[in-house]
Amino acid sequence: MDAKPYLIFRGAHIVDPINRIDAAMDIIVEGDCIHSLVYPGSENSWPQPCEVMDCTGLTAVPGLVDMHVHLREPGQEHKETIETGTHAAASGGFTAVCCMPNTSPANDSPEILRQILSTAKNQGHCKVYAACAVTRGLSGQTLVDFETLAQEGAVAFTDDGMPVKDPDAMRQALKRASALGLPILSHCEEMPLVGGGVMNLGPAAEKLGQKGIPNTAESVMVERDIELSRETGAAVHICHVSTRESVLALEKAKDEGLPVTAETAPHYFMLTDDAVAEKGANAKMNPPLRSEKDRQAIRTALAEGTIDAIATDHAPHSPEEKNAPFENAPNGIIGLETALPLALSLVHDGVITLADMVMKMSVNPSRILGLAPSGLCKGAPADITFIDLDKVYEVNPDRFASKSRNTPFDGMKLTGAAAMTVVDGKITYRCSA
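What you see is a predicted model, and the numbers here were worked out from it, not measured in a lab.

As for the nonpolar core
With 77 residues, the main nonpolar core has Val97, Phe146, Phe157, Ile184, Ile238 and Met357 as its most contacted residues. There are two domains that each give this core at least three residues, and those are domain 1 (6-60 + 379-430) and domain 2 (63-369). Leave out the neighbours within four places in its chain, and Met357 touches Leu340, Ala343, Leu344, Val347, Ile352 and Ile387.

Set out below in structure tokens:
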């Protein structure tokens with residue numbers, strides 16, 4: 001049998017903050033791992049046989065990891081499937097995603113968890129990790145069997161889509177997850193303060209005649225969960241941060257050295273609630289788009305490290321669902337195929353560096369989920385994202401790999417995009433244009 005050729009990605013500029021690499025190098029892949037990195041001009045020492053991919057002009061970074069996606073399978077396959085969702089992820093430069101448990105039925109049992117992981121292994125275009133529910137049926141009441149689910153492969157626990165309303169249930173969940181070395185991902189929402197609101201409380205809601213949601217609906221729960229982390233010593237991760245008040249609470253927690261981390265999504269550092277007037281339900285999400293003051297606070301928090309990660313909260317819905325009257329339309333937008341260029345806009349604007357972006361979209365999400373990132377080095381898994389930093393294009397949802405089209409970024413001109421995605425040494429996406 002002929003030997004399988006080494007795969008050599010030649011000429012890319014590597015940005016790897018884990019291994020402190022910021023230089024042009026050739027990446028040599030053997031099977032599913034990185035064999036070595038060599039400087040340009042070392043062709044005579046390349047192992048043979050080899051297949052060479054010319055990556056001149058591209059930037060190579062450790063594979064992007066989205067720690068917050070909704071793949072909808074099982075039960076809501078008309079919105080997305082594991083196959084289409086991971087195809088969208090690979091197209092957006094992601095080598096791994098962590099899927100949320102608000103499927104139908106909810107991912108609260110070993111049987112559902114095994115089904116998701118098996119389908120991902122057989123049909124996925126990238127690696128799929130699963131966060132299981134905190135409470136059975138996402139009811140906020142009875143806690144799941146944390147220990148068994150951890151043994152079956154859960155990497156985190158969350159009731160995302162719903163808050164864990166009972167503070168004692170959250171306290172017990174934090175203790176049990178902490179004993180397993182796993183984080184709780186907290187959807188922070190104080191439902192009585194939401195009060196039936198459908199968008200941010202402010203002038204935009206008043207103008208549109210819609211009931212508003214105050215910032216405190218998020219920040220009060222953020223403060224509660226920080227207090228529970230302080231009491232228990234357990235790690236808590238705050239999902240989709242959208243408000244200035246939440247940022248202030250996180251700053252205090254970080255100053256105290258508490259085991260608290262946080263994420264935001266691109267729509268919170270790119271858009272405000274003014275977008276609802278133009279984009280309608282495609283700008284409706286939970287938490288809602290906030291004010292310009294909040295948007296600037298999110299950008300500053302990313303720059304200063306108060307917010308650790310950028311995640312998409314990829315939430316596909318069918319056109320029929322989103323075409324309902326605004327107050328009845330479901331919350332959520334898709335984001336896997338726009339997150340990288342939107343994050344790169346922060347780099348272009350001088351808010352963060354490219355290395356910072358890699359930390360927030362690859363290294364930190366992996367660390368929070370306990371995945372032990374190793375970056376691009378000898379022996380590491382060959383999970384690599386190649387980026388064309390100079391590509392200028394207009395967002396066209398009709399070209400998305402996702403089943404759904406619910407994005408507020410359609411028609412926006414962006415700079416930078418995934419050029420190629422490599423997962424375990426296999427090319428799962430390569431830009432054709």
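Re unusual backbone geometry
Backbone torsion omega between Gln48 and Pro49 reads -10 degrees, so that peptide bond is classified as cis. With respect to the secondary-structure elements, Pro49 resides in the loop between β5 (33-38) and β6 (50-54). Residues other than glycine seldom take positive phi values, yet Arg20 does so here, at roughly 55 degrees. Positive phi is not limited to glycine here, since Ala372 has a value of about 50 degrees. Among the residues examined, Ala372 registers a relative accessible area of 63% and is labelled exposed.

Considerations on the sheet that holds strand β7 (residues 59-62)
Across the sheet, six strands lie side by side as β3-β2-β7-β18-β19-β20; this open sheet has mixed pairing. Each edge of the open sheet is held by one strand with a lone partner, namely β3 (21-24) and β20 (426-430). Along the sheet, successive strands turn relative to each other by an average axial angle of 25 degrees, direction set aside. When strand β2 (residues 13-16) meets β7, the two strands line up parallel, connected through two bridges. Across the sheet, His13 pairs through a bridge with Thr59, a residue of β7. Across the face of the sheet, helix α14 (residues 354-368) comes into contact with β2, β7 and β18 (384-394) while running at roughly 40 degrees to β7.

Some points on the sheet that holds strand β1 (residues 6-10)
Hydrogen bonding along the main chain pairs the strands of a sheet, whether they run parallel or antiparallel. With mixed pairing, the four strands of this open sheet are ordered in space as β5-β4-β1-β6. Looking at the sheet topology across the chains shown, the edges are occupied by β5 and β6. Between one strand axis and the next, the sheet turns through 20 degrees on average, direction left out of account.

Points about the UniProt feature "binding site: substrate" (unreviewed entry) in the protein
With numbering aligned to this structure, UniProt lists the feature "binding site: substrate" (unreviewed entry) at His70, Leu71, Arg72, Asn102, Asn286 and His317. As for the annotated residues named above, the ones lining the largest cavity are Asn286. Residue classification places His70 among the buried residues on the basis of a relative accessible area of 5%. Apart from residues no more than four positions distant in its own chain, His70 is found in contact with Met100, Asn102, Asp160, Asp313, His314, Ala315 and Pro316.

Some thoughts on empty space enclosed by the protein
Applying the stated rule across the entire model yields four cavities of 30 Å³ or more. Estimates place the volume of the largest cavity at around 60 Å³. Forming the walls of the largest cavity are His187, Cys188, Glu189, Val194, Ile213, Ala217, Glu218, Asn286, Pro287, Pro288 and Arg290. In this structure, the second largest cavity spans a volume of roughly 50 Å³. What lines the second largest cavity is simply Pro266, His267, Thr312, Ile333, Ile334, Gly335, Thr338, Ala339, Leu342 and Phe409. Elements represented by at least two residues in the lining of the second largest cavity include exactly α9 (266-270) and α13 (339-348).

Considerations on the side chain of Asn286
Within the fold, Asn286 resides in the loop between α10 (275-279) and α11 (292-304). Leave out the neighbours within four places in its chain, and Asn286 touches His187, Glu189, His240, Tyr268, Asp313 and Asn331.

Quick look at the domain arrangement of the protein
Each assigned domain of the protein is listed with its residue range as follows: domain 1 (6-60 + 379-430) and domain 2 (63-369). Measuring from the centre of the C-alpha atoms in domain 1 to the corresponding centre in domain 2 gives 26 Å. With 36 residues of domain 1 at the contact, the number on the domain 2 side is 47 residues. Of the roughly 3,200 Å² buried at the junction of domain 1 and domain 2 (both faces included), carbon and sulfur atoms supply 66%. Joining domain 1 to domain 2, the criterion identifies three salt bridges.

Some points on the packing of aromatic side chains
Counting across every chain of the model gives two aromatic pairs. With a centroid separation of 4.5 Å and 45 degrees between ring planes, the pair formed by Phe146 and Phe157 is classed as tilted. Separated by eleven residues along the polypeptide, Phe146 in helix α3 (residues 146-151) and Phe157 in strand β11 (residues 156-157) bring together distant segments of the chain. Across the ring face of Phe326, the terminal group of Lys284 is positioned such that the distance to the ring centre comes to 5.4 Å. Stacked on the ring of Tyr393, the Lys or Arg Lys391 has its end atom at 5.6 Å from the ring centre.

Remarks on the packing of helix α1 (residues 82-91) against helix α2 (residues 110-123)
Interhelical geometry of α1 versus α2 gives an angle of 60 degrees and a closest axis separation of 9 Å. By the angle between their directions, the pair α1 and α2 is classed as oblique. When the axes of α1 and α2 are compared, the crossing they make is right-handed. Together, Ile82, Glu83 and Thr86 of α1 and Ile116, Thr119, Ala120 and Gln123 of α2 make up the contact between the two elements.

Cut-off values and rules
- Residues numbered from 1 in each chain as written.
- Predicted model: local features only at pLDDT ≥ 70, side-chain atom pairs only at ≥ 80, totals over all residues.
- Heavy atoms only, no water.
- Core = buried A, V, L, I, M, F, W, Y, C linked by side-chain atoms within 4.5 Å.
- Buried < 20%, exposed > 50% of the residue type's maximum accessible area, 1.4 Å probe, protein only.
- Domains from an automatic or database assignment.
- Contact = heavy atoms within 4.5 Å.
- Helix = DSSP H or I, 4+ residues; strand = E, 2+ residues; numbered from the N terminus.
- Pairing = 2+ DSSP bridges.
- Axes fitted to C-alpha atoms, helices over the stretch in contact; angles between N-to-C directions.
- UniProt positions renumbered as here; feature names shortened; annotations may be inferred.
- 1 Å grid on protein atoms, 1.4 Å probe; cavity = no way out; pocket = protein on both sides within 12 Å on 5 of 7 lines; lining within 4 Å.
- Points joined across faces, edges and corners; volume = space filled by probe spheres on them.
- Buried area = accessible area lost by both parts, 1.4 Å probe.
- Salt bridge = Lys/Arg side-chain N within 4 Å of Asp/Glu carboxyl O.
- Phe/Tyr/Trp six-rings, centres within 6.5 Å; stacked < 30°, edge-to-face > 60°.
- Lys NZ or Arg CZ within 6 Å of the ring centre and 35° of its normal.
- Parallel < 35°, antiparallel > 145°, perpendicular 65-115°, else oblique.
- Left-handed = near helix turned anticlockwise from the far one by under 90°.

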